[in-house]
Each structure stands twice: as C-alpha cells, then as structure tokens.
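Each chain, letter by letter, is given below.
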Amino acid sequence: MKYFSLIRAALFRKPISSILTLATLFIAFLLFGMLNSVSMAFSQGIDFSGIDRLIVAPRYSIIDDIPLNYQNRIQEVPGVELVAHRSWFGGTYQDNRQFFSRWPVPPAAFLDVYPEYKLPPDQVEAFINTRTGAIIGREVADRHDLEVGDRIPIIPNIWLNKDNGPWEFDLVGIFDSDDDTVDTNQMFINFEFFDEYRQFGQGGVGTFIVRISEPSRTAEIAKEIDAIFANSNDETKTTTEKAYNQMFANQLGDIGFIMTSILSAVFFTILLLTGNTMAQAIRERIPEFAILKTIGFSNMHILWIVLSESVLMILLGCIPGLLTAQLLIPLFMGVIPFFDSVEMTPLVYIQGVVLALLLGIVVGLPPALRAMRLNIVNAMGEHAV
Amino acid sequence: MGDVLIKISEVAKSYHRGAMDIPVLEDLNLSIDKGDFLAFMGPSGSGKTTLLNLIGGLDSPTVGSISIAGKQIHQLSQGQLAVWRSRNVGFVFQFYNLLPILTAQKNVELPLLLTHMSSSERKQRALTALQVVGLEDRANHRPRELSGGQEQRVAIARAIVSDPELLVCDEPTGDLDRTTADEILELLQLLNREYGKTVLMVTHDPKAADHANHTLYLDKGRLTGQQES
Ligand SMILES: Nc1ncnc2c1ncn2[C@@H]1O[C@H](COP(=O)(O)OP(=O)(O)OP(=O)(O)O)[C@@H](O)[C@H]1O
Ligand SMILES: [Mg+2]
C-alpha cells in the first residue's frame, strides 16, 4: 500500500475536524450496533404457549405490578382452578454476556400450573421447603456448570435487598423439558424470600397465571376477572397465555420499530453531516489532485485514493463504535423485562461494516468523480489566478 | 548536440468558448535539440503556457503533430499521456504546487509512487534529488515551513526525481525576488549543463531568459523571433 502515507496524511490534514468527524461516526455506529441488536432481539419474540392458562396482567403497562392480594379474589371466580404468579427479577450473574431470565414464583403453585417444567419430586420438595431455594433450567446449568447444592449469587439492578448486597440463592433443583417450546434458560426463585428481603415493593407481583377447568369458558372467565378490578387503582387485563404472548411480542415489536425509526433518522442525519464535511474537505483539495494528475497519476489512481480515504475514515469510526456497543449492551440487560437475549451477533457487525463501506463510497464518489474529471490545464489556470 | 529531441510540425490550438473558436496557437513549427535550454517570452495571452502544456503532454493540439524522442505524443490518449508524462517530463510551475500535507521528501517521492520501486529505494532517490537542489537538510519539513525559494527547489527536486529527459518550467521565478530567482535559474542551468536535461522555460523576465541558450518570442499565437544569449 504505497499510497497509504498519502491517504493517511490526507485524513489528518485538519486534525480537529478529523477528530470531530471520527467522534460523530463513532457515536453513529455505537447507536447502530446497540439499536440493531435490540431490535433484532425484539423481533425474535417470545415463544411459550398454553391453552388452558390465563394471564392476568396490569391493564396499562407491563412494568406496573399488581397487588398479591388479588390472588384470593381471582381464586373465587367460577372455573378458576389454580392461581400462581411471576415477577421479573433481573440482576446480574457473573457477567451479563449470557443472560438468563429470573423469576420469583410461589414454588408449589407455579410448578402445578406449569407441569411442563420437569424435575424430580425430591427437588420439587426442596424448592417448596427452602426459603432461599432456587431452581434453574438445564441450559443454564450446562452453560455455567452448576449443580444442586451450589450457591448462586445475583447482583441486583432493580430489587435491592435489605442488606444492600448481592442476593444469594441455594440451588435445589434443575428442570428439564421434553418439549423445545419450553425455555430452560430460566431461573425460578422462592417468592416468599424475595418479597421479605427486598427493600421496596412488598406485596406486588408481575402477573398472575391462572389455570382454568373449563377451557370453553375462557373468554367469560377472563371478563369476570377484569370486572372484579375495574375502577380500582390497579385495573387488570386478562387474556389467554397465547394471546398475551402475542400481544407482548407485538408491543415489543412496536417499541423496537419506533426506536429503530427514530434513531435511524438521527443516525442518518449525523452521517449526512459527516459525509458533507468529508466531501467538502476533498473539494478543497482539487488543486492538489491537479498536481497529482500533472505528475502522471491516472484517473483510476485518483478515484482509488479518494475512495480509500472516505472508506477508511468511516471504518475508523465504525469499528470502534461497534466494539463499544458490544461492551455496553450487557450493562442494559436485565434492567428491562425480557431484555435478556440482546447480543451483538456477527450479523450486526457485518451489517455495520457493509453500511460503512457503502457510505464511504456514497460520500467519496461525487468528489472522486469531480477530481477525476478535472481538466489539468483549467485547474492550473484557476490556481494561478 | 544537434540531436533533435522535440519536433513540432504545423501545430495549431484553439479553445472553444460556446460556439466560438478561439485560436491560441497557429501554424507553429519548431525543432528543439536534446540538451538545449530554451526560454519563451511574449506578451500575456500570447500562448506561451499553452505551448508548454502541449509539449509537456498536459493538453493535445487541435491540429499538427508533436514528436518527442520519436514518440508521436499528439496521438496518445489521456491515460497514455499520463503514463508518458510520468516517465518523460518534470514540471515546475510559478506556484510551487507542492502538497501541503506532505513533507518535502514525500512530495519529491510522489512521481516514484507510479513506479515499482521499493519504499527504501524511493526514499533514497528522493534524498538524492533533494541533495542536487541543496535541500537534503529540509527533507522532513512541510511546505509551509519552507521559504518560497526552498519550495521551488523542492518542486524542482520532484521534477527531476524520476530522471526525465525534459524539464518544463512555466514562470518558475515569477513569484520570487531577484536573488532567489537567480539561484533557481542557476540551478536550472546546472541541471541543463551537468545533468544533460533539456529545459524549456516560460518567463517574462529578460534576465531570466539570459540564463537560457536562446530565447523564442511568441506573439498572438505565432513565433515571431529568436535571440541567442
Ligand atoms: N482552457 C482555456 N480555455 C479557453 N481559453 C484559454 C484556455 N487557456 C488559455 N486560453 C486562452 O489562450 C490564450 C493564451 O493563453 P496562455 O495561458 O497560453 O497565455 P500566456 O502566454 O501563458 O499568458 P501569461 O503570460 O499571462 O501566462 C489566452 O487568450 C487565454 O485566454
Ligand atoms: Mg502563462
């Protein structure tokens, strides 16, 4: 690359302006990396389903909670067989690169409602009877090499405990499943311990899960449940688990879409500004290209030099931006419910680099063509005036 | 001497401005010997730069032929001319035409980027050229750290670095004071006498023209006279 010294010198011709451009590009690609990872995770949706289960969720927002004492009143609705509940715990185990979701649940009721989580009877017993007990899915156990009897420390990011330290759980069971729609990348902890030991929020749960005895009356039962809490401070919205998941996935999809749209607009504005700055910088150097052409540089040389310059500049912002996105993503995991499978896949890197190459060409091509078409005799004439 | 290097026959050049044809050079015949040092003088707009650009292969004649060292350069395409220039002509202009972002040495190396030389060979050659113009101690200076005369020396070093037969200089001293101008002219004389370069120089300064072997006069696009120094 004998032209490299020429290209490098040109890139840092105006150091301050180059650094500003690089910083802008860096931020643009940082956003790109994070957003793209998030929206990919959102678009994957969540995959679990059940026909004879209803989900009672806060009516207006998935991050509200519902009073635990609703449980008794739901239980009284005709057709309701069993009520369990589930809350979002979040937190960090070791590091966040490989997240698994964690849920405080009432052990006995929860495992009754979800018979598809399979674990030996003695482990079920242990989960019910151990205040600090927790069970994990096979995927988590395999990945982190965990065995029954291990202690699992979790650093909280929402639910601080009363000692302001990490939560410690005793692993009392590992569940499997014969069905791959069941997610074994999860951990369930004893709600009672969670509720007592957390600093705030006592007596609230995320959602109720209701098993019904008459699947044909699903719609009526759901209506009856919501009717009980209508006009209270915590109104509910009851749907089948399937519909709930669908709605939830749609909501996340919408959020992902809106985020992507807004931030793409920001991203492209930033890039257009940068592109314009770079194009301007190349235009200012037209007399220099006239010199090179006089000396005998061909049109292809000029094209190649200008394009390399603009592609290199964008890559210099792109690569560090993407790498930083990868470092930052784990910090957000676990804070937002379900924001657990976000990662910088190779696809995000490929998209980022392809975007950088395209932009480098789009930004570099007009001034490159101009420099190429430059008539030496005229350019020198202008220069001499 | 007596060997003809450049032969210009029946050359005319006109520029189009809209529908108008503006004749700039007309009916030009000229032979230039190898190893000659020739000055061109004439009023502004008489076509001196245009003629020099034709000989240097920066532009092509409208009619007529230009043969340099046996090569019919009026028949070459733009791309072929670029390659030909890089091997056969060194250019020096009134405004020094250095790249401000590169050091003197890197500026001098530019023409060598078009060859297959290794980087150490390029560096060696550039330093030698800088030595010839007396600036080896300024190799790592950028153009703005040099005086006008020094910049012009760097431009001359760049013009000779690929060892072309022909040096084409358009008002090389036009922007310099008397003393500095004389130094540059002596340098061109040295390149002509000691290194055998054929030097063509456009100038408005009769004292500059005195350094050449002879002077050709142009007026309104025609050769009007010749004077020996
Ligand atoms: N690219 C061009 N397009 C149109 N006309 C041109 C062009 N280049 C030169 N001319 C015209 O050709 C004529 C000769 O120009 P040239 O630059 O050769 O003169 P010159 O003798 O070098 O003058 P000076 O001493 O001022 O440098 C002028 O009338 C000029 O306007
Ligand atoms: Mg001129």
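Residues numbered from 1 in each chain as written. Chains lettered and ligands numbered in written order. Predicted model: local features only at pLDDT ≥ 70, side-chain atom pairs only at ≥ 80, totals over all residues. Heavy atoms only, no water.

In this structure, what is going on with the overall build of chain B? I would like to understand it.
Scanning chain B from terminus to terminus reveals seven helices and ten strands. Across the 229 residues in chain B, those meeting the buried criterion constitute 55%. In chain B, of all internal contacts separated by at least 6 residues, the share reaching a separation of at least 24 is 69%. As displayed, chain B offers around 10,100 Å² of accessible surface, 46% of which is attributable to carbon and sulfur atoms. (Helix = DSSP H or I, 4+ residues; strand = E, 2+ residues; numbered from the N terminus. Buried < 20%, exposed > 50% of the residue type's maximum accessible area, 1.4 Å probe, protein only. Contact = heavy atoms within 4.5 Å. Areas by Shrake-Rupley, 256 points an atom, 1.4 Å probe, with all protein chains shown as cover.)

For this particular structure, what's the right way to read helix α8 (residues 218–229) of chain A?
Owing to its 3.6 residues per turn, the α-helix brings residues three or four apart onto one side. All names here are of chain A. Over its twelve residues, α8 extends 18 Å from the first C-alpha to the last, a length consistent with the 16 Å expected when each residue adds 1.5 Å. All of the buried residues along α8 are Thr218, Ile221, Ala222, Ile225, Asp226 and Phe229. Viewed end-on, α8 has its buried residues packed into an arc of 130°, placing them on one side of the element. Pointing more than 90 degrees away from the buried face of α8 are the exposed residues Ala219, Lys223 and Ala227. Elements that come into contact with the buried residues of α8 comprise β1 (53–58), α3 (70–75), β3 (80–86), β10 (207–212) and β11 (236–240). Directly beyond the C-terminal end of α8, a positive phi value near 65° is found at Asn231. (Expected span 1.5 Å × (residues − 1). Arc of directions from axis to C-beta.)

Whenever I open this one, the interface of chain B and chain A confuses me. Can you help?
Where interface size is quoted, it is often the accessible area lost as the parts come together. Across the contact, 24 residues belong to chain B and 21 residues belong to chain A. Summing the contributions of chain B and of chain A, the shared interface buries around 2,000 Å²; its carbon and sulfur component is 72%. Contact with chain A buries area across many residues of chain B, yet Ile101, Leu113 and Leu114 of chain B alone supply 29% of it, more than any other trio. The interface formed by chain B and chain A holds zero salt bridges in total. At the junction of chain B with chain A, the criterion picks out two residue pairs in polar contact (both at pLDDT 80 or more). It is helix α2 (residues 78–88) of chain B that provides the largest number of residues to the side of chain B that touches chain A, a total of three residues. (Buried area = accessible area lost by both parts, 1.4 Å probe. Salt bridge = Lys/Arg side-chain N within 4 Å of Asp/Glu carboxyl O. Polar contact = N/O pair within 3.5 Å; in protein donor to acceptor, adjacent residues only side chain to side chain.)

Just to check I follow, could you spell out the confidence of the model for chain A for this structure?
Regions with low pLDDT should not have their predicted coordinates read in detail. The predicted model of chain A has a mean per-residue pLDDT of 84, with 90% of residues at 70 or higher. Contacts from residues 45–49 of chain A, a stretch scored under 50 in pLDDT, to residues over four places away or in other chains number twelve contacts. (pLDDT = per-residue confidence, 0-100.)

Looking at this model, I keep getting lost on the nonpolar core. Mind explaining?
Nonpolar side chains tend to gather and get buried jointly when the protein is soluble and globular. Core analysis: the biggest nonpolar cluster contains 38 residues, and Val108, Leu130, Val154, Ile156, Leu167, Leu188 and Met201 of chain B have the highest contact counts within it. Within the residue set of this core, elements represented by two or more residues are β3 (37–41), α3 (104–109), α4 (119–132), α5 (148–160), β7 (166–170), α6 (178–194), β8 (198–202) and α7 (206–209) of chain B. Listed in part, the 37 residues of the second largest apolar core include Tyr70, Ile174, Tyr197 and Val205 of chain A. (Core = buried A, V, L, I, M, F, W, Y, C linked by side-chain atoms within 4.5 Å.)

Can you help me understand the sheet that holds strand β4 (residues 63–68) of chain B in this one?
In any sheet, the strands associate via hydrogen bonds between backbone groups, in a parallel or an antiparallel arrangement. Residue and element names in this part refer to chain B. Taken in spatial order, the four strands make up an open sheet running β2-β1-β4-β5, and their pairing is antiparallel. Of all the strands in the sheet, the pair left with one neighbour each is β2 (20–33) and β5 (71–72). Note: β4 against β5, two bridges, orientation antiparallel. By the bridge assignment, Ser67 is partnered in β5 with Gln72. Most of the contacts of helix α1 (residues 48–55) go to strand β1 (residues 4–17), to which it runs at about 125°, and overall it touches β1, β2 and β4. (Pairing = 2+ DSSP bridges. Axes fitted to C-alpha atoms, helices over the stretch in contact; angles between N-to-C directions.)

I tried to follow the site of ligand 1 on my own but got confused; where do I start?
Lining the immediate environment of ligand 1, one finds 14 residues, of which Asn378 of chain A together with Ser44, Lys48, Thr49 and Thr50 of chain B sit closest. Chain contributions to the surroundings of ligand 1 come from chains A and B. Between ligand 1 and the protein, one listed contact pairs an oxygen atom with a backbone N or O atom of Ser46 of chain B at 3.3 Å. His204 of chain B places a polar side-chain atom, nitrogen or oxygen, 2.8 Å from an oxygen atom of ligand 1. (Near = heavy atom within 4 Å.)

Please clarify how the sheet that holds β1 of chain A should be interpreted in this entry.
All names here are of chain A. An order of β3-β10-β1-β11 is seen for the four strands of this open sheet, with the pairing classed as antiparallel. This sheet does not close on itself; its edge strands, each paired only once, are β3 and β11. Sheet twist, expressed as the mean angle between neighbouring strand axes with direction ignored, is 25°. As defined by bridge partners, β1 adjoins β11 across five bridges and the pair is classed as antiparallel. Bridged to Val56 within β11 is Thr238. Lying over the sheet, α8 contacts β1, β3, β10 and β11, oriented at roughly 170° with respect to β11.

Looking at this structure, I do not really get the pairing of strand β6 (residues 89–92) of chain B. What am I missing?
Put simply, side chains in a regular strand alternate between the two faces of the sheet. All names here are of chain B. Judged by which residues are buried, β6 turns out to be covered on both faces: Val89 and Phe91 on one side and Gly90 and Val92 on the other are all buried. Sheet analysis places β6 next to β7, joined by four bridges and oriented parallel. Paired with Val89 across the bridge in β7 is Leu166.

How do you make sense of the packing of aromatic side chains when you look at a structure like this?
Two numbers describe a pair of aromatic rings. These are the distance of the centres and the angle of the planes. Residues and elements named next belong to chain A. Summed over the entire model, instances satisfying the criterion amount to 24 aromatic pairs over all chains. Arranged with centres 5.6 Å apart and planes meeting at 35°, the rings of Phe175 and Phe188 form a pair that is tilted. Residue Phe175 is located in strand β7 (residues 167–175), and its partner Phe188 is located in strand β8 (residues 186–190); the two are separated by 13 residues in the primary sequence. Under the relative-accessibility criterion, Phe188 is labelled buried at 0%. Centre to centre, the rings of Phe193 and Tyr197 are 5.4 Å apart; their planes meet at 20°, and the pair counts as stacked. Taken together, the residues span about one helical turn, with Phe193 and Tyr197 both in helix α7 (residues 191–197) at a distance of four residues. Three or more aromatic residues joined by ring pairs make a cluster, and in this case those are Phe89, Trp159, Trp167, Phe169, Phe191, Phe193, Phe194, Tyr197 and Phe200. Against the face of Phe100 rests Arg102, its NZ or CZ located 4.2 Å from the ring centre. We note Arg198 situated over the ring of Trp159; from NZ or CZ to the ring centre the distance is 4.8 Å. (Phe/Tyr/Trp six-rings, centres within 6.5 Å; stacked < 30°, edge-to-face > 60°. Lys NZ or Arg CZ within 6 Å of the ring centre and 35° of its normal.)

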